[in-house]
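A closer look at the structure
Chain residues, written in single-letter form:
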Amino acid sequence: MVRSFSYQQTEQANLRQRLAKAEGALRDLTPAPGRGKRPITDEASLQKAIAAIEKQYRVAGLLLVSRTRQVTERAIRGYRGQPGRVEQDIRYQVQVKRDEAAIEWALFRAGWRIYLTNAPQASLFDRGRAGLPRPVYRGEHFRRLKGKMLSITPVYVQRDDHAQGFCFICSRWRRDCWP
């Protein structure tokens, strides 16, 4: 397990931005009454919209969303032989609060990376060597190679000792390229 503090700060800032955007989007689901604004009148579609926003901004479980149903009745008088009736206007109001305990836990978890391997622990680190390879916190970036013709053929490794040698060569190449 490795924790990068710069990656932690970036993830925490991104989480705070996502929370702010999700709160705004959830509040915009139920606009104030006015011309040209169509409120959601069905609880199932409101629930789907809330779940979609939480999934889009990846804040599920971090916000406490409550909704209240407001029913307004208005009388419509009869016209041309039709009887008068009472129509109900249904409107939902969404309230959003932050779950501070869940947010603190998510902020604490930010920045951690887990690296897994099936190699024996004795072969991972040579304790006698002073310069251990530094951990890489980001994945490789292959943007420079996109769209160009490369004369690289795929590597098909069938034996375990070949795979180990290939990993050794690749790790040696990375270590020699570090500044």
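Keep in mind it's a predicted model, so treat the numbers as computed, not measured.

Rules of the game
- Residues numbered from 1 in each chain as written.
- Predicted model: local features only at pLDDT ≥ 70, side-chain atom pairs only at ≥ 80, totals over all residues.
- Heavy atoms only, no water.
- Helix = DSSP H or I, 4+ residues; strand = E, 2+ residues; numbered from the N terminus.
- Contact = heavy atoms within 4.5 Å.
- Areas by Shrake-Rupley, 256 points an atom, 1.4 Å probe, with all protein chains shown as cover.
- Buried < 20%, exposed > 50% of the residue type's maximum accessible area, 1.4 Å probe, protein only.
- Arc of directions from axis to C-beta.
- Axes fitted to C-alpha atoms, helices over the stretch in contact; angles between N-to-C directions.
- Parallel < 35°, antiparallel > 145°, perpendicular 65-115°, else oblique.
- Left-handed = near helix turned anticlockwise from the far one by under 90°.
- Nonpolar A, V, L, I, M, F, W, Y, C, P; charged D, E, K, R; others polar.
- Salt bridge = Lys/Arg side-chain N within 4 Å of Asp/Glu carboxyl O.

**Overview of the overall build of the chain**
Helices and strands together make up the secondary structure of the chain, namely five helices and four strands. Along the chain, helices and strands appear, N-terminal first, in the series β-α-α-β-β-α-β-α-α. Put simply, 69% of the contacts in the chain that link residues at least 6 apart link residues at least 24 apart. Accessible area of the chain: about 14,900 Å², with a carbon and sulfur share of 54%.

**A word on helix α3 (residues 100-109)**
Helical periodicity: at 3.6 residues per turn, an α-helix aligns residues three or four positions apart in one direction. Of all the positions in α3, only Ile103, Ala106 and Leu107 are classed as buried. Projected down its long axis, α3 shows its buried positions confined to an angular sector of 100°, all on one face. Where α3 is buried, its residues touch β1 (2-3), α1 (5-28) and β3 (85-98). In the segment just after α3, Gly111 is the residue with positive phi, at about 95°.

**Considering the packing of α1 against helix α2 (residues 43-57)**
The geometry of α1 relative to α2 is characterised by a closest axis approach of 10 Å and an angle of 160° between their N-to-C directions. The angle between α1 and α2 places the two elements in the roughly antiparallel class. In this structure, the crossing between α1 and α2 has a hand that is right-handed. For the pair formed by α1 and α2, the contact residues are Arg18, Lys21, Ala22, Ala25 and Leu26 on the first element and Ile50, Ile53 and Tyr57 on the second. For the contact of α1 with α2, the class distribution of residues is six nonpolar, no polar and two charged.

**Considerations on the environment of Pro33**
Locating Pro33 in the fold gives a position in the loop between α1 and α2. The class of Pro33 is exposed, set by a relative accessible area of 70%.

**Describing the pattern of salt bridges**
When their charged atoms lie close together, side chains carrying opposite charge are able to pair. Evaluation of the coordinates by the stated rule reveals five salt bridges. For Arg98, the salt bridge is made with Glu23, and the minimal N-O distance between the two is 3.1 Å. Placement of Arg98 in strand β3 and of Glu23 in helix α1 is noted, with a sequence separation of 75 residues between them. In this structure Glu23 comes out as buried when scored by relative accessible area, which is 12%. Connected via shared salt-bridge partners are Arg74, Arg85, Glu87 and Asp89.

**Here's the deal with unusual backbone geometry**
The phi dihedral of Arg58 falls on the positive side, at around 55°, and the residue is not glycine. Note that Arg58 resides in the loop between α2 and β2 (63-76). Positive phi outside glycine occurs at Arg80, with the angle close to 50°. Summarising the element assignment, Arg80 is placed in the loop between β2 and β3. Here Arg80 falls in the exposed class, since its relative accessible area comes to 74%.

Functional significance is not addressed by these values, which are geometric in nature.
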